[in-house]
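# Structural overview for review
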Amino acid sequence: QVQLVESGGGLVQAGGSLRLSCAASGRIYTIGVMGWYRQAPGKQRELVATIDSGGSTNYADSVKGRFTISRDNAKRTVFLQMNSLKPEDTAVYYCNLDSLTTQRGPLYDYWGQGIRVTVSS
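Being a predicted model, the structure only gives us computed values, none of them experimental.

### Description of the environment of Val 63
Along the polypeptide, Val 63 turns up in the loop between β7 (57-59) and β8 (67-72). Remark: the alpha-carbon pair of Val 63 and Asp 89, spanning 26 residues in sequence, is separated by 8.7 Å. In this structure Val 63 touches Arg 38 and Val 48, once residues within four positions along its chain are discounted.

The structure is reproduced here in structure tokens:
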């Protein structure tokens, strides 16, 4: 059984920072691309940032220069450092693993339960 545990969300004032973490547990052998997505009220879920197993990153234009994604492969954890937060960053943030190999076989498009980030003006 694979579990994703997200942490680090909360309420912050505009201009502040938060660091999200998402740790994968279970009998996992390898993880492909790890990413963060977000869904604001009344909007569709959107990509925030992704990072592959080699460390190559991809960011949404709206967060470039403010957010940094990183991963610790040994700890099976992905991080999202969010600086200069804006009220429009308010959303539920979801961790995603696009593929992973486990003792029970491969899994695809695996999602965390989401963590709320609220940025006040």
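### Regarding the pattern of salt bridges
According to the stated counting rule, one finds 4 salt bridges in the structure shown. For Arg 38, the salt bridge is made with Glu 46, and the minimal N-O distance between the two is 2.7 Å. When its relative accessible area of 6% is taken as the criterion, Arg 38 is described as buried. Lys 64 is the salt-bridge partner of Asp 61, the closest N and O atoms lying 3.1 Å from each other. Linked through salt bridges whose partners overlap, the residues forming this network are Arg 38, Glu 46, Arg 66 and Asp 89.

Calculation notes
Residues numbered from 1 in each chain as written. Predicted model: local features only at pLDDT ≥ 70, side-chain atom pairs only at ≥ 80, totals over all residues. Heavy atoms only, no water. Helix = DSSP H or I, 4+ residues; strand = E, 2+ residues; numbered from the N terminus. Contact = heavy atoms within 4.5 Å. Salt bridge = Lys/Arg side-chain N within 4 Å of Asp/Glu carboxyl O. Buried < 20%, exposed > 50% of the residue type's maximum accessible area, 1.4 Å probe, protein only.

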